[in-house]
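# Coordinate analysis (summary)
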Amino acid sequence: MMKPTWIFIIFIFCTTKVAAQLNRASLYEDKLSLRLNPLGLVDVFDGNISGGIAYSLNQRWSITVDLSYIFYSTYLRENKGTSGYIFKPAIRYYVSESRKFYLESTVWYKCSSYKVLDWVDKDCVNGVPSYQEFKSFRFRKQVLGFNIQGGFQKALMKNKLLRMEIYAGIGVRLKWQEVKNDPQACYQPNDVFESSFYNPTKVSPGLPHGLRLVYVIR
């Protein structure tokens, strides 16, 4: 007859084994995954197609890179065509072993170019032009930003290969704008609402937020 001590040891072993398997099943394990940022398509200022990859260094840390192509914009009323890109690398720390919740820091750069047909100020000195010229030109906007944000991921399939991520945070951004390839020119949009956005150089706070779809490759 089996002694109570052995019964207790076997019970503890089996309970620990089952608990470990259940905990293992709840982990969001991945080494390499693809990401899609669908909300970029509805960005009215700089609409974009955005995707990227995430690579896990270990159970707690991973690095990510997102690249976006900007293809339309309502930033300027006189805009006749938009092109540009956004480059956004980040480093992520998972706050729990399950990897469901995370914190990350992101440095990002945006460069967008707008084809404009309008009056442009020429030979500007301290913002004062010598004359104006009606022409087609490229107005370029560049932004450099830094974000700290947190988020969580939720599996959309039982095998956890397809997931959804939601994130939000705070940041700071430096924006500078210019008439492309004409350093002596300056441009002031005619619309009052648009003019409030224009400044050759501007620093402002940011509130990054969004949603991603993630698919695990391995």
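Anything mentioned here points back to the structure above.
Think of each chain on its own: its residues are numbered from 1, step by step along the sequence as written. Thresholds applied to this predicted model are a pLDDT of at least 70 for local features of residues and 80 or more for the giving and counting of side-chain atom pairs; totals over whole chains, interfaces and linings are not thresholded and use all residues. Side-chain numbers here rest on the full set of heavy atoms in the structure, without hydrogens or water.

## Considerations on unusual backbone geometry
How we decide: Labels follow the DSSP assignment, with helices taken as runs of H or I lasting at least four residues and strands as runs of E lasting at least two, numbered in each case from the N terminus. The rule is simple: take the accessible area with a 1.4 Å probe, protein chains only, and divide by the maximum for that residue type; under 20% is buried, over 50% is exposed, in between is partly exposed.
In this model, Asp 123 sits at a positive phi of 50 degrees, which is unusual for a non-glycine residue. Inspection of the secondary structure assignment puts Asp 123 in the loop between β5 (101–122) and β6 (131–155). Note on Asp 123: relative accessible area 36%, which makes it partly exposed. Despite not being glycine, Lys 160 has its phi angle at roughly 65 degrees, a positive value. Inspection of the secondary structure puts Lys 160 in the loop between β6 and β7 (162–179).

## As for the state of the cysteines
Rules: When the sulfur atoms of two cysteines come within 2.5 Å, that pair is taken as a disulfide.
A full pass over the atoms with the stated rule returns 1 disulfide. Paired through a disulfide, Cys 124 and Cys 186 show a sulfur-sulfur distance of 1.9 Å. The disulfide joining Cys 124 to Cys 186 has a torsion of about -75 degrees about its S-S bond and is therefore left-handed. One end of the pair, Cys 124, is in the loop between β5 and β6; the other, Cys 186, is in the loop between β7 and α2 (192–195), and 62 residues separate them in sequence.

## Brief notes about the pattern of salt bridges
Heads up, the condition is: Basic side-chain nitrogens of Lys or Arg form a salt bridge, by our definition, when they fall within 4 Å of a carboxyl oxygen of Asp or Glu.
Within this structure, the stated rule accounts for 12 salt bridges. Linking Asp 30 and Arg 163 is a salt bridge whose minimum nitrogen-to-oxygen distance equals 2.9 Å. In this pair, Asp 30 sits in the loop between α1 (4–25) and β1 (32–36) while Arg 163 sits in strand β7, placing the two residues 133 residues apart along the sequence. Here Asp 30 falls in the buried class, since its relative accessible area comes to 12%. The class of Arg 163 is buried, set by a relative accessible area of 2%. With a shortest N-O distance of 3.0 Å, Arg 212 and Glu 165 are connected by a salt bridge.

## What to know about the pairing of β1
Heads up, the rule is: Being paired, for any two strands, means DSSP has found at least two bridges between them.
Taking every second residue as pointing to the same face, the buried face of β1 carries Ser 33 and Arg 35, while none of Leu 32, Leu 34 and Leu 36 on the other face is buried. Inspection of the sheet shows β1 paired to strand β2 (residues 47–56) by 5 bridges, in the antiparallel sense. Bridge assignment links Leu 36 to a residue of β2, and that residue is Gly 51. Across 4 bridges, the pairing between β1 and strand β9 (residues 209–216) is antiparallel. Counterpart to Leu 34 in the pairing with β9 is Tyr 215.

## Things to note about the environment of Lys 154
The condition is simple: Two residues qualify as a contact provided that any one of their heavy atoms is within 4.5 Å of a heavy atom in the partner residue.
When you line up the elements, Lys 154 lands in strand β6. Relative accessible area serves as the criterion here: at 48%, Lys 154 is assigned to the partly exposed category. In this structure, the C-alpha to C-alpha distance between Lys 154 and Glu 165, residues 11 residues apart in sequence, is 6.5 Å. If we skip the residues at most four places from it in the chain, Lys 154 touches Tyr 28, Leu 162, Arg 163 and Met 164.

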